[in-house]
Amino acid sequence: MTPAPRFVPGLTPLLPAGAVLEEADRLAVVAAALDLQITSGATSQQFERQMARHLGLRKAHLTNSGSSANLLALSALTSPLLEDRRLQPGDEVITVAAGFPTTVNPILQNGLLPVFVDIELGTYNTSPERIERAIGPKTRAIMIAHALGNPFAATEIARLADERGLLLVEDNCDALGSTEAGRLTGTFGDLSTISFYPAHHITTGEGGCVLTDNLALARIVESMRDWGRDCWCEPGEDNRCRKRFSCQLGRMPYGYDHKYVFSHVGYNLKSTDLQAAMGLTQLAKVEDFGAARRANWRQLHDRLEGLPGLLLPRATPNSDPSWFGFVITVLHDAPFAPGELVDFLEARRIGTRRFFAGNLTRHPAYLDRPMRIAGDLDNSDIVTDRTFWIGVHPRLTAEMVEYMAASIEEFVRQRYHRPGPTVANLQQSGALA
Ligand SMILES: Cc1ncc(COP(=O)(O)O)c(C=O)c1O
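Nothing here was measured: the structure is a model prediction, and the numbers come from that model.

### Quick word on the site of the ligand
Part 1: The full set close to the ligand counts 16 residues, and Gly66, Ser67, Asp171, Asp174 and Ser195 are the nearest of them.
Part 2: The separation between a nitrogen atom of the ligand and a polar side-chain atom of Asp171 is 2.7 Å.
Part 3: The side chain of Ser195 places a nitrogen or oxygen atom 2.7 Å from an oxygen atom of the ligand.
Part 4: Of all the elements in the fold, those that place two or more residues in the shell around the ligand are helix H3 (66-76) and helix H4 (101-109).
Part 5: No other element matches H3, which puts 3 residues into the shell around the ligand.
Part 6: Its residues placed into classes, the shell around the ligand shows 5 nonpolar, 9 polar and 2 charged.

Pasting the structure below:
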């Protein structure tokens, strides 16, 4: 593999996200391609088993994206097989207003009503109190994401869900490897999801996964992912279900080929073995990736702590996040607009991203949608106006992270008219060499 080009401050793009793809990944994909493993097969099953084992859960099902995983997870909760626990049109699902759209979209796509709660500044997660206050007579489930890798109060929210008879879907797309109370995120909910898009902790290119410890839910997920069929034989496999020509379901005749009996109104959201091959090589490195993310986040935090005008991110109590990014909110009394800092960083090729959608309820797509807003969304609005994030991914070296921190410090000190080291000074002194 070609060595990484030399870092040139101000010229080398420091993107907010980036996958680490190495020789092992390349070889795995090429080997799968040479084998023409172009659909979902044995390698996908192996990756599913390893993902499930990695999280200590019984089942994982690969999908073609994290968004598909979210759609599948929530749709599974509408299955008639859940009888009176199933979500029905008009039921409410509590979610947060500030985040990624496809955490929320499955609620609307299933004819359910999103109930939006606000988040906290600093952790960017909602709280058990906000969720508790939002619960109404029609509330049946909670679906929320761990914000940019920072776990929400999962123990308490899972306990609340349990006490109030609510189902919990954890969108763990941005938080693979994070822990709360010593337990991996993605293991608290009835179902959880992961994204393998390159910005995420491990990648398969496009891809995602639904995980659960509940075998009944796992069956529903598999059925809905695979066209809605009742049979669980792999494509090309005959009669592992032992009822291929010997069952009667719905109003179909006895003995109708089980392969073509449908117990759900499903989708095809499968992934391929080409992607699973890379998933296996990536999963082998997940601990190293997490360590690099934590180290980069810590370096930024240590360097920026105490700077005026900025609210730095903080981990949720009792958690150890495997960070997705480093979130900064510009305080309302800072002598500069958030956009000025963003422009300054972008001009130095330090890539920034908004806190995803900000307040989703203000976007054109959601203006006329049915929803309930519980309390106010003041912090979601602040985040929309004043929050952005920069990268902590494992491709960033300590030298790059130092340049990012020094640039922010230089901008802020200039605006507060305080002398301090500039990037030019640091370069001269060799600190950035
Ligand atoms: C919290 C969250 N959920 C879901 C997704 C969707 O994942 P994908 O891009 O794989 O569809 C993302 C994407 O970044 C995300 O950040």
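Moving on, there is more to tell.
### Focus on the nonpolar core
Part 1: Counting residues in hydrophobic clusters, the biggest one holds 31 residues, and the most contacted among them are Leu310, Phe326, Ile390 and Ile408.
Part 2: Of all the secondary-structure elements, those providing two or more residues to this core are helix H9 (286-304), strand E12 (325-330), helix H10 (338-347), strand E15 (387-391) and helix H12 (398-415).
Part 3: In terms of residues, this core owes the most to one element, H12, which gives 8 residues.
Part 4: Here Ile390 is in contact with Leu300, Gly325, Phe326, Leu345, Ile350, Gly351, Thr352, Met404 and Ile408, once residues within four sequence places are set aside.
Part 5: By size, the runner-up hydrophobic cluster in this structure holds 30 residues, among which are Ala147, Phe152, Leu166 and Phe355.

### As for the environment of Leu160
Part 1: Here Leu160 lies in helix H6 (residues 154-163).
Part 2: Residues Leu160 and Ser127, 33 residues apart in the sequence, show an inter-C-alpha distance of 11 Å.
Part 3: Not counting residues within four places of it along the chain, the set of residues in contact with Leu160 comprises Pro128, Ile131, Glu132 and Ile135.

### Digging into the environment of Ala295
Part 1: Looking at where Ala295 falls in the secondary structure, it is placed in helix H9.
Part 2: Ala295 sits 24 residues away from Ser319 along the chain, and the two C-alpha atoms are 15 Å apart.

### Concerning helix H11 (residues 378-386)
Part 1: Taken residue by residue, H11 has Asn379, Ser380, Val383 and Arg386 as its buried positions. The buried residues of H11 all sit within an arc of 155° when viewed along its axis, so they share a single face.
Part 2: If you follow the buried residues of H11, they end up packed against helix H5 (128-134), E12, H10, strand E13 (353-354) and E15.

So, how was this worked out
- Residues numbered from 1 in each chain as written.
- Predicted model: local features only at pLDDT ≥ 70, side-chain atom pairs only at ≥ 80, totals over all residues.
- Heavy atoms only, no water.
- Near = heavy atom within 4 Å.
- Polar contact = N/O pair within 3.5 Å; in protein donor to acceptor, adjacent residues only side chain to side chain.
- Helix = DSSP H or I, 4+ residues; strand = E, 2+ residues; numbered from the N terminus.
- Nonpolar A, V, L, I, M, F, W, Y, C, P; charged D, E, K, R; others polar.
- Core = buried A, V, L, I, M, F, W, Y, C linked by side-chain atoms within 4.5 Å.
- Buried < 20%, exposed > 50% of the residue type's maximum accessible area, 1.4 Å probe, protein only.
- Contact = heavy atoms within 4.5 Å.
- Arc of directions from axis to C-beta.

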